[in-house]
Amino acid sequence: MPPFHDYRDGGMLVLEPAAALFGGVRQRKRARVTAVAPSVFAAAAAAAEEEAAAAKKQKLRAALSLDALPDECLFEILRRVQGARARGASSCVSRRWLAMLGGIRASEIKRAPAVPDLNQVFVASDEDEEARPGCSERSLEGEGATDVALTAAAVADALRGHLQSLVVRGSHQTRGVTDSGLSAVARGCSSLRSLSLWDVPQVTDAGLAEIAAGCPSLEKLDITGCPLITDKGLVAVAQGCPDLKTLTIEACSGVANEGLKTVGRCCSKLQAVNIKNCAHVGDQGVSGLICSATASLAKVRLQGLNITDASLAVIGYYGKAITDLTLARLTTVGERGFWVMANALGLQKLRCMSITSCPGVTELALVSIAKFCPSLKQLYLRKCSQISDVLLKDFAESAKVLESLQIEECNKITLTGILAFLLNCSPKFKALSLVKCIGIKDICSAPAQLPVCKSLRSLTIKHCPGFTDASLAVVGMICPHLENLDLSGLGAVTDNGLLPLIRSSESGLVHVDLNGCENLTDASISALVKTHGSSLTHLSLESCSKITDASLFAISESCSELAELDLSNCMVSDYGVAVLASAAGLKLRILSLSGCLKVTQKSVPFLGSMPASLEGLNLQFNFIGNHNIASLEKQLWWCDILA
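Residues numbered from 1 in each chain as written. Predicted model: local features only at pLDDT ≥ 70, side-chain atom pairs only at ≥ 80, totals over all residues. Heavy atoms only, no water.

A. Layout of the overall build of the protein chain. Counting secondary structure elements, the protein chain contains 23 helices and 22 strands. Per-residue burial for the protein chain yields a buried fraction of 47% across its 643 residues. A separation threshold of at least 6 residues defines the contact pool for the protein chain, and within that pool the share at least 24 residues apart is 81%. (Helix = DSSP H or I, 4+ residues; strand = E, 2+ residues; numbered from the N terminus. Buried < 20%, exposed > 50% of the residue type's maximum accessible area, 1.4 Å probe, protein only. Contact = heavy atoms within 4.5 Å.)

Quick look at the structure:
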């Protein structure tokens, strides 16, 4: 046996070589290293098992969640949720729940049976609150107009059934109102009577068809700026909403003739129609609508359409119920169209007529209207270039019951023509308005025979730069019973023109608007309020830069019935405000001191003592200061303060 190799075997010591001994030590070290590695792997495996168990638990919880239920099961659960508050709270859980609630029709909601209270103890509940009258109108505007908001409104109303009027103005840029929102409204708001969609570009015929199917009681539809709505959607409304009474279609490029014709056939109760700026609407659509709705259609407005004389002929023959007719910017309608419309003898009930920018309105056309529309009481002419003095005289002789005439931007009209009209007008004539007529100028000499129009109660002459003191003095002589006077924008009028009119007025002036008459002074205003203070209820002196506290002193002494006073941009000061506040008989409801730079914080105590009748106070653009405004709001807590 080699040296050092020794061992005991059966009582004997056995010695091994040193190399073998050291080799064994190294082998044990490797064994220890290899023994550590399995422990690390075991820990990692345990962590993995824990994660797997957590995932399994999460999956189990998800499986047990209501969100994991199929739509059919969730539908059955949600339709049993009672009370508007509970339904509103449920809709906040998730978008899925909101969409599901929005898809439940009011008729599908499972109502809980009424259980009598044997103890006869009354406890207010959600259902009791729903029994009370609720909000019948809802409006969504701009960024707030989204499908989510619309669906939430429909969900809240599904049980109440109160919503009768819905207005959507504009739409969110990225999450705006679409057919989905209208579908929710159709399902939840079956009692809807009025729907207005203004500038909602994503709504299509499908959304309108949903409304037609879900809201059969719809009476008013207004679609403006909805380019994706076409005749198909309009036909659906006509067939699904036979009670439709008012229809407005504006700037809808997809709407043409077929939709209007179907509305005329299906909606026998139609009373008012407004078709504006629809490029594809022509004679067929307008004629078909008017012919079918002849029994009930009372108000017709046509503007910016490519119609011809044929449409006006149909209106003249079939418009037997029309009382109010507006025709604007009908550039392809000629004189013959207006003449035939009048001579067809169908407009016997026409009371109000408005014509704007229609080149076909000539002397022959207008006189025919006056002759063959025996009930015509109000006429408004704007931008009618053919209207002249001769035409006005002939029209006045033919219009037997005319009560009101408004002329705007008809530049061939002169003061001579106006005087001739007043000389020949109906004894029932009450109101004359001349706005932006540059032909209205002073005449060198008055006519030999001046008319005296004792029936005239209201006179408006606005922004006619040629109208000065001489013309105003003539008006004072021929209109002794004026009650309403509007001379806005007549910067050339001075006290010399207004004072004679004030003195010659036999009846008490009630409403006086002198906005922009910058050359009037305290003398004419003091005379006005002293002469007519017992009847004057409205006085506007806006931008009358020469009016000072002297006028306020006269107003405080003489105006016992004055309700509205506008002193914007006048030269009144704190002293004048103090005078107004101390007036015992003043009953102001509206007071404007906007732009009165002499009104400062010193006026705050006086404004705070204004009478309880004050409802509105305008303090914009002066030197009162925000801190004083806050103090004033506490004193006049019942008053609406604009600052």
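B. Broad picture of helix α18 (residues 495–504). Along α18, the residues classified as buried are Asp495, Gly497, Leu498, Leu499, Leu501 and Ile502. Turning to α18, the residues buried within the fold contact α17 (469–478), β16 (484–486) and α19 (522–532).

C. Expanded view of the pairing of strand β4 (residues 165–169). Among the five residues of β4, four are classified as buried, and the element is accordingly described as predominantly covered. Where strand β3 (residues 137–141) meets β4, five bridges bridge the pair, whose relative direction is parallel. Each residue of the ladder has a partner; that of glutamate 141, found in β4, is arginine 169. Bridge count between β4 and strand β5 (residues 194–198): five bridges; the pairing is parallel. Looking at the pairing, arginine 169 lines up with tryptophan 198 of β5. (Pairing = 2+ DSSP bridges.)

D. Highlighting the confidence of the model for the protein chain. Overall, the predicted model of the protein chain reaches an average pLDDT of 84, with 79% of residues at or above 70. Counting interchain partners and residues more than four positions distant, the pLDDT-below-50 stretch residues 1–23 has 20 contacts. This stretch, residues 112–134, has a pLDDT under 50; its non-local contacts, to residues over four places away or in other chains, come to 18 contacts. (pLDDT = per-residue confidence, 0-100.)

E. Just unusual backbone geometry, in detail. The phi angle at aspartate 199 is positive, at roughly 55°, despite the residue not being glycine. With respect to the element layout, aspartate 199 can be found in the loop between β5 and α8 (205–214). For arginine 329, which is not a glycine, the phi torsion comes out positive at approximately 50°. Summarising the element assignment, arginine 329 is placed in the loop between β10 (324–328) and α13 (335–343).

F. Structural context of the packing of aromatic side chains. Tallied over the full model, the rule gives three aromatic pairs. With a centroid separation of 4.9 Å and 80° between ring planes, the pair formed by tyrosine 317 and tyrosine 318 is classed as edge-to-face. We classify tyrosine 317 as partly exposed; its relative accessible area is 46%. For the ring pair phenylalanine 421 and phenylalanine 429, a centre distance of 5.1 Å and an interplane angle of 75° mean the geometry is edge-to-face. (Phe/Tyr/Trp six-rings, centres within 6.5 Å; stacked < 30°, edge-to-face > 60°.)

G. Expanded view of the packing of α19 against helix α20 (residues 549–558). Running from N to C, α19 and α20 cross one another at 5°; their axes reach a closest spacing of 9 Å. Taken together, the axes of α19 and α20 are roughly parallel relative to one another. Packed against α19, whose contacting residues are Asp522, Ile525, Ser526, Val529 and Lys530, the element α20 presents Ala550, Ser551, Ala554, Ile555 and Ser558 at the interface. Taken together, the residues of the contact of α19 with α20 sort by class into five nonpolar, three polar and two charged. (Axes fitted to C-alpha atoms, helices over the stretch in contact; angles between N-to-C directions. Parallel < 35°, antiparallel > 145°, perpendicular 65-115°, else oblique. Nonpolar A, V, L, I, M, F, W, Y, C, P; charged D, E, K, R; others polar.)

H. Spotlight on the environment of lysine 377. Along the chain, lysine 377 turns up in the loop between α14 (363–372) and β12 (378–382). A C-alpha to C-alpha distance of 5.2 Å links lysine 377 and arginine 351, two positions 26 residues apart in sequence. Aside from chain neighbours lying at most four places away, what touches lysine 377 is Arg351, Val401, Leu402, Glu403 and Ser404.

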